[in-house]
Amino acid sequence: MSQTNSSLLDEVVQWSQETCRLKLKSVLPKLTSLHHESESWDDNIRILKIITDMFLPHIGLSEVEEECFSKILPKAVTVFNGMMKEILNQVGGLSSQNSELCSLIRNILQALMQIIDALSSCVRHVGSFEDAPELDAIRSLPTYILRILRETFQHCKDSEVVYCGRLSLVADLLQGLFKEAYTLQKSLLELLDRISLTSSTSNEDVSDIVTVIHNLLDICLIISNLDIALHANTWKFLIKQSLKYQSLLEDRLHHGEIINSLCDNLLASFHNCVELTEQIKHAGLQETSQSPEYKLFQKTAKMCRFFANTMVHYIKEFKIFLTKYCTCFHQVYLKIISKFPPSIHAPTLPSALSEELNAAALVPMEAFLLQLLPLRSFAEVVLQEDLRLSPEHHLPQCLLLVKVLDQLSSQPEDVLQLWYTGSQFSEDSPRLPLYKALFASFKRCHSERQIPVLLPGVMMKGQAQVLVTLHQHVCVHLSASVAALPPLNFSVLERCLVEAVLQPDTQTALLATDVWCFTARYGTAELCLHQVLFIAQLVKACTAECYQSVHLGLLLKRMVFFMTPIHQMELVERFPPSESENLRVWQNILLRALSQDARHRVETDILGLTQKALFNWQKGGYKLGEVSKVNLVLFSLLVVVQGQTSPDEQLVSSAMRIVMQLWLQMIPQQVQIHPVLQCSLQLLLSISAVLVKNMEQQVILQALLCVDSVLSQGCAETQVVLAALDFLSSLGKIFIPSESQSQILPKLSSLFGVLLSHKSWLIHQHALEAFSQFAELTNHEEVISQSLCDGSTKTKVVSYLSKTVNKQEDMDSQLQRLKLESAVIEQHNARLESMEENDLNKQSCDAEADSEPCPKRARQEAGAEEEYNRYIQTAESALKALQALIERKVSSGTPPPPQWLESRLQELQSLIIQINVVRHTT
């Protein structure tokens, strides 16, 4: 600086305020020019301080921008940035031994504070006027101050990295620098808050305030981890200004940056809260409300609540500009919900901390979701068909959809249609109907259903609130939604229920069945009839082996209970049990659900059809190819005998004749070979378990021999073994006469012993249950002891009877196991659905093919040896049964056999001789 200029400065600093006021017009231009031309940082800061301290107080508001701010602030920012750059260049050599460099950097930091202090003087001067300034009167002030604040806060934030291990040498000055910047920003925001824009405000002013908001957003990103109060106040001002001038700014704001920053800050503060609660819990400080950790948690929770409420408010006001960010909103909701019970991934927290965190984050999510419901883009994100979620978000997604169901009741018609109907046109973004999406989401919550997680139940007057399973929670809310569903959307509900029942996951099908039953129970009788007839037609069309048949059967079984007696008779007329093609329908109906007239009609028709089928089989020579028809009527006969609440002697007598006749045809060697005969054996065992009190001892022995033969070969299907266990258990209800005990009881003990030691956990568990039921009822206690010869088996039975709990797996192991199970089940369900699609495609191709009918194939008879074996086994079984009958009658002193028996036996002997003669002559 020249001697002349230096002399001017020395002279000016000696002036009084009055002299400065009088010479303002002549001296200020010289000072601003010197300030602009000065290359020395010290001279520059000296001039800046002279201007702001001595001349600025005498400049009017209307002149301050043109005469002062626009001339000094750009240079001040340039000098400030130059000093920051110099620190970065020199800090590498900073150390306690290098006192010269240490002094240099400290001097630079002090100079930075002087610049900030000079800027504070500018803000204080503008704020000292009674009237609020116009924005164009101070246009340069906020722009350049915010640049300096951003650089200052960034330097403070990066200080640990910048100064590395030498931070202690300048920590006091950095702290002072931060405080100066903090005070400057506070003063600036207070000043800007006084400014008012109107509809007549110029575009330049609007652009300036938008720039201020965006600059503050940049500062928010920097200070998020520096100071909680500063961060909160900056955000408050930013949002306040955005809303205050909404009509002027809404199409100019960077809504995406603002909302993404709000989401990030909300999640960051929320996760900090969760981490703090876990630290407090592990340190045992949850009861110490004065601990630093607890106070920090409270401050962080307050910030979390602030960001959540701020985001709700921002979405409410700028909804139409935020449609592109609904994926972000969806993720925020899922991430927050996943950290609260009943999520299996939520931490276990002390109740007091949990309540505070709940108020801070979970409660605002209700209002958050309410604001998003009308957004089509949000519905498209939530209801997308192939939604890819991490496992920890499966339950939150399900609970989100339940919340949507609850909140839709207060929404207008267009919002209801948006969520209930799904995408309607090809040009729409694909989205599922809400009900279908909810069933699909419930299906994915395999682990949560298995644990099971528990949720608060519905509050009922006069009853305490209880915890319920996820199934019950979803079912209750679904049913409540159905009760309030507009008639226009009922067809969509029906379609979703049908699809849910027909998909492979049984628990999801049961949920749909519960909701469907609610619909039938509280709908009209005519609606119930219509639905039952529809379901019955589907059952009739299904093959017996498919999972759809099982699910539809369960639904039909429950729906019939809701029908009126007149409508039940109509069901009987529409699907007569006397016709074999309708038996699949009646196999899935509990007869106790029917009125007396309908029940009598069904029982009579099924019994008559069974007798007819058995007669035809017998007349045709007991051909193996006809067994499937017999099994069909046997299944229906089982339904009839199981439906007997009070014994009907005529029905029981008729059923017993059928059972006895069939047991005589059960040849163990054939049962081992042919699956269709195993099905017959399973049905006979189930029917015999019901009619066991009316069975003759020889038939019981025949059944035990047949079961033993099949089990010994290891070829029995699981269903056959389970039916056998039911039969064995039922034998505890009867007393075996002494003349039959030697044959029956050892066989019974042997079978129990084999099944109790079975390797399959399913069969083993059922065996324990069957054996305990048998032991509780039987008079033959020797069977119990003889069944438990093996020490290991005895130990397992004793543990089961005493309800001893095995070592339980810890939660981590359980979750890992369930994770593996979920993968297997999902693959299995996907395979079933894929097979179904392939079958449909094949049927479609077959239907479209225009070809000649296939020629009839030659009838496939059983092999000659097999046919001989079947007939000889039948004759042998009949003769053994006759022998046992004669011996029993003679030993009991009853009248001897009829006289014609001897002549008939001689005829049989002659027939055997003739057969031998024919055999030798061929």
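Residues numbered from 1 in each chain as written. Predicted model: local features only at pLDDT ≥ 70, side-chain atom pairs only at ≥ 80, totals over all residues. Heavy atoms only, no water.

## Observations regarding the confidence of the model for the chain
Move 1: Per-residue confidence for the chain averages 88 on the pLDDT scale, and 93% of its residues sit at or above 70.
Move 2: Ignoring residues within four places in sequence, the model shows residues 847–863, a span with pLDDT below 50, making 2 contacts including any to other chains. (pLDDT = per-residue confidence, 0-100. Contact = heavy atoms within 4.5 Å.)

## Some points on the packing of helix H7 (residues 140–157) against helix H10 (residues 203–223)
When two helices pack together, their arrangement is captured by the angle between the axes and the distance separating the axes.
Move 1: H10 packs onto H7 with a crossing angle of 10° between their chain directions and a minimal axis gap of 9 Å. As summarised for this structure, H7 and H10 are arranged roughly parallel, according to the angle between their axes. On H10, the residues touching Pro142, Leu146, Leu149, Arg150, Phe153, Gln154 and Lys157 of H7 are Val212, Asn215, Leu216, Asp218, Ile219, Leu221, Ile222 and Ile223.
Move 2: Of the residues contributing to the contact of H7 with H10, the split by class is 10 nonpolar, 2 polar and 3 charged. (Axes fitted to C-alpha atoms, helices over the stretch in contact; angles between N-to-C directions. Helix = DSSP H or I, 4+ residues; strand = E, 2+ residues; numbered from the N terminus. Parallel < 35°, antiparallel > 145°, perpendicular 65-115°, else oblique. Nonpolar A, V, L, I, M, F, W, Y, C, P; charged D, E, K, R; others polar.)

## Observations regarding the packing of aromatic side chains
Move 1: Overall, the coordinates contain 15 aromatic pairs when judged by the stated rule.
Move 2: An angle of 35° between the planes, with centres 4.6 Å apart, marks the rings of Tyr314 and Phe318 as tilted. Both residues of the pair, Tyr314 and Phe318, belong to the buried class.
Move 3: The aromatic ring of Phe442 is capped on one face by Arg449, whose charged end is 5.0 Å from the ring centroid.
Move 4: The cationic tip of Arg521 hangs over the ring face of Tyr522; the distance from NZ or CZ to the ring centre is 5.2 Å. (Phe/Tyr/Trp six-rings, centres within 6.5 Å; stacked < 30°, edge-to-face > 60°. Buried < 20%, exposed > 50% of the residue type's maximum accessible area, 1.4 Å probe, protein only. Lys NZ or Arg CZ within 6 Å of the ring centre and 35° of its normal.)

## Some remarks on the nonpolar core
Move 1: In this structure, Phe55, Trp419 and Trp663 are the most contacted members of the largest nonpolar core, which totals 290 residues.
Move 2: Residue contributions to this core peak at 15 residues, all from helix H6 (residues 99–127).
Move 3: In this view, Phe55 contacts Val12, Trp15, Cys20, Leu24, Val27, Leu28, Leu31 and Ile50; residues no more than four positions away in its chain are not counted. (Core = buried A, V, L, I, M, F, W, Y, C linked by side-chain atoms within 4.5 Å.)

## What about the environment of Val720?
Move 1: Mapped onto the elements of the fold, Val720 is located in helix H35 (residues 718–730).
Move 2: Separated by 41 residues in sequence, Val720 and Cys679 have C-alpha atoms that sit 7.2 Å apart.
Move 3: Non-local contacts of Val720, meaning those with residues more than four positions away in its chain, are made with Gln678, Leu681, Gln682 and Leu685.

## What to know about the environment of Val639
Move 1: When you line up the elements, Val639 lands in helix H30 (residues 627–642).
Move 2: For Val639, a relative accessible area of 9% translates into the label buried.
Move 3: Residues within four places of Val639 in sequence aside, it is in contact with Trp586, Gln587, Ile589 and Leu591.

## Concerning unusual backbone geometry
Move 1: Residue Pro342 follows Pro341 across a cis peptide bond; omega there is 10°.
Move 2: A cis amide bond links Ile451 with the next residue in sequence, Pro452, at an omega value of -15°.
Move 3: Tracing the backbone shows Pro452 in the loop between helix H21 (446–450) and strand E1 (454–456).
Move 4: Even without being glycine, Tyr622 reaches a positive phi, approximately 55°.
Move 5: Taking the relative accessible area as the measure of exposure, Tyr622 reaches 15% and is therefore buried.
Move 6: A positive phi is found at Lys803, a non-glycine position, where the angle reads about 60°.
Move 7: Examined against the element boundaries, Lys803 turns out to sit in the loop between helix H39 (791–801) and helix H40 (811–848).
Move 8: Looking at Lys803, the relative accessible area reads 71%, which means it is exposed.

## Remarks on the layout of surface pockets
Move 1: Taken as a whole, the second largest pocket spans an internal volume of roughly 1000 Å³.
Move 2: Among the elements that make up the lining of the second largest pocket, the one with the highest residue count is H40 (8 residues).
Move 3: Split into classes, the residues belonging to the lining of the second largest pocket amount to 12 nonpolar, 6 polar and 13 charged. (1 Å grid on protein atoms, 1.4 Å probe; cavity = no way out; pocket = protein on both sides within 12 Å on 5 of 7 lines; lining within 4 Å. Points joined across faces, edges and corners; volume = space filled by probe spheres on them.)

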